[in-house]
Amino acid sequence: MKKTFLLLAFLLIGNAFVFAQSADEKAVAATVEKLKTAIISANEADLKKLTSPALSYGHSNGLLEDQKEFIRALVSEESKFTKIDLSDQTISISGDVALVRHKLFGDTHNKGKDPAQVKLGVLMVFQKVKGSWVLLGRQAFKLV
C-alpha cells in the first residue's frame, strides 16, 4: 500500500512538472507568433514590449543590431518583411531561458531594393522577465 501511494505521488508530481513545462513552451510559442506579427506590421510598441533592452539581433548577412537599431530598421522599412512562415520549430526551456529554433521562409521588400524571398535557419533566445518572455538574442543563417 505504501509503495502504491509513493508511486502515485511520484507520478502526480512528475506530471505537474511536465504541465509546467508545457505551459512555458506554449507561452514562448505564443510570444514567437506575436513577434512575427509585430515584425510584419512594424509595430514599434509591440516590438519594444517583446524584446529585451539588451537585445542582440544577428542577421544572416552578418549585420548585428541592438534593440533600438532593430526597431528603427523595421519602423523605417529599411528592413521590411511582407510575409513570414515558420516551420520545424523546437522550443527547449531551462529555468528562465528558452531556446527556439525554426526555419523561416519569408518575403521581404526592403527600402530601395527589389522584393526578395529568404530561407533562413534561426536560433532565438528568450528570457522570462517579470512573467513575460522577451527576445534576448537571435541569429539567422541562410539555408541552401
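How each quantity is defined
- Within each chain, residue numbers correspond to sequence positions counted from 1 in written order.
- Restriction of local features to residues with pLDDT of at least 70 applies here, the model being predicted, together with a cutoff of 80 or more for giving and counting side-chain atom pairs; totals for whole chains, interfaces and linings are based on all residues.
- The basis for every side-chain value is the complete set of heavy atoms in the structure, and neither hydrogens nor water enter the calculation.
- Secondary structure elements follow DSSP: runs of H or I no shorter than four residues count as helices, runs of E no shorter than two count as strands, and numbering proceeds from the N terminus.
- Three exposure classes are used, based on accessible area relative to the maximum for each residue type with a 1.4 Å probe and protein chains only: buried under 20%, partly exposed in between, and exposed over 50%.
- Here the accessible surface of atoms and residues is derived via Shrake-Rupley with a 1.4 Å probe, and residues count as covered only by protein chains that are part of the display.
- Only when DSSP finds a minimum of two bridges between them are two strands counted as paired.
- Nitrogen and oxygen atoms within 3.5 Å of one another constitute a polar contact, given that in protein one can donate a hydrogen and the other can accept it, and given that sequence-neighbouring residues count only through two side-chain atoms.
- Residue contacts are counted whenever heavy atoms from the two residues lie within 4.5 Å of one another.
- Take the buried Ala, Val, Leu, Ile, Met, Phe, Trp, Tyr and Cys residues and link them wherever side-chain atoms come within 4.5 Å; each set so joined is a nonpolar core.
- By convention in these notes, a salt bridge is any Lys or Arg side-chain nitrogen within 4 Å of a carboxyl oxygen on Asp or Glu.
- Fitted lines through C-alpha atoms serve as axes, helices being fitted only where they are in contact, and the angles separating the N-to-C directions of these axes extend from 0 to 180 degrees.

- By the naming in an unreviewed UniProt entry, the protein is Ketosteroid isomerase-like protein, taken from Dyadobacter fermentans.

## Observations concerning the overall build of the protein
Part 1 of the reasoning: Each helix and strand in the protein was counted, giving three helices and six strands.
Part 2 of the reasoning: For the protein, the succession of helices and strands along the chain, N to C, is α-α-β-β-α-β-β-β-β.
Part 3 of the reasoning: In the protein, which comprises 144 residues, the share counted as buried stands at 30%.
Part 4 of the reasoning: By element, 60% of the accessible surface of the protein is carried by carbon and sulfur atoms, the whole surface being about 9,200 Å².

## Considerations on the pairing of strand E3 (residues 81-94)
Part 1 of the reasoning: Pairing of E3 with strand E4 (residues 97-108), which is carried by eleven bridges, proceeds in the antiparallel orientation. What sits directly across from Ile93, in E4, is Ala98.
Part 2 of the reasoning: Between E3 and E4, which follow one another and run antiparallel, lie two residues, and Gly95 among them has a positive phi close to 65 degrees.

## Looking at the side chain of Thr31
Part 1 of the reasoning: Topologically, Thr31 is positioned in helix H1 (residues 2-41).
Part 2 of the reasoning: In terms of polar contacts, Thr31 uses its side chain to reach the backbone carbonyl oxygen of Ala27, at 2.9 Å.
Part 3 of the reasoning: The contacts of Thr31, once residues within four sequence positions are left out, are Leu50, Phe126 and Trp133.

## Details of the nonpolar core
Part 1 of the reasoning: Among the nonpolar cores identified, the biggest contains 25 residues, and Val28, Leu35, Ile39, Leu47, Phe70 and Phe126 are the most heavily contacted of them.
Part 2 of the reasoning: Broken down by element, this core gets its largest block of residues, five residues, from H1.

## Considerations on the pattern of salt bridges
Part 1 of the reasoning: Scanning all chains against the criterion turns up seven salt bridges.
Part 2 of the reasoning: The residue Asp24 makes a salt bridge to Lys128 at a minimum N-O spacing of 3.0 Å. In this pair, Asp24 is assigned in helix H1 and Lys128 in strand E5 (residues 116-129), connecting sequence segments 104 residues apart.
Part 3 of the reasoning: With a relative accessible area of 32%, Lys128 lands in the partly exposed category.
Part 4 of the reasoning: Across the pair Arg72 and Glu69 runs a salt bridge, and its minimum N-O distance is 2.5 Å.

## Details of the environment of Ala45
Part 1 of the reasoning: Within the secondary structure, Ala45 is located in helix H2 (residues 44-50).
Part 2 of the reasoning: A C-alpha to C-alpha distance of 9.3 Å links Ala45 and Ile71, two positions 26 residues apart in sequence.

## Some words on the environment of Val122
Part 1 of the reasoning: On the secondary structure map, Val122 appears in strand E5.
Part 2 of the reasoning: Exposure remark for Val122: the relative accessible area of 3% places this residue in the buried category.
Part 3 of the reasoning: Considering only alpha carbons, one finds Val122 and His102, 20 residues apart in sequence, at a separation of 5.5 Å.
Part 4 of the reasoning: When residues no more than four places from it in sequence are discounted, the contact partners of Val122 are Val100, Arg101, His102, Leu104, Arg138, Gln139, Ala140 and Phe141.

## Description of the sheet that holds strand E1 (residues 51-58)
Part 1 of the reasoning: Here six strands make up an open sheet; going across it, the order is E2-E1-E6-E5-E4-E3 and the pairing mixed. Sheet topology places strand E2 (64-65) and E3 at the edges, where each strand pairs with a single neighbour.
Part 2 of the reasoning: Taken strand by strand, helix H3 (residues 67-75) contacts E1 and E2, and its axis lies near 70 degrees from that of E1.

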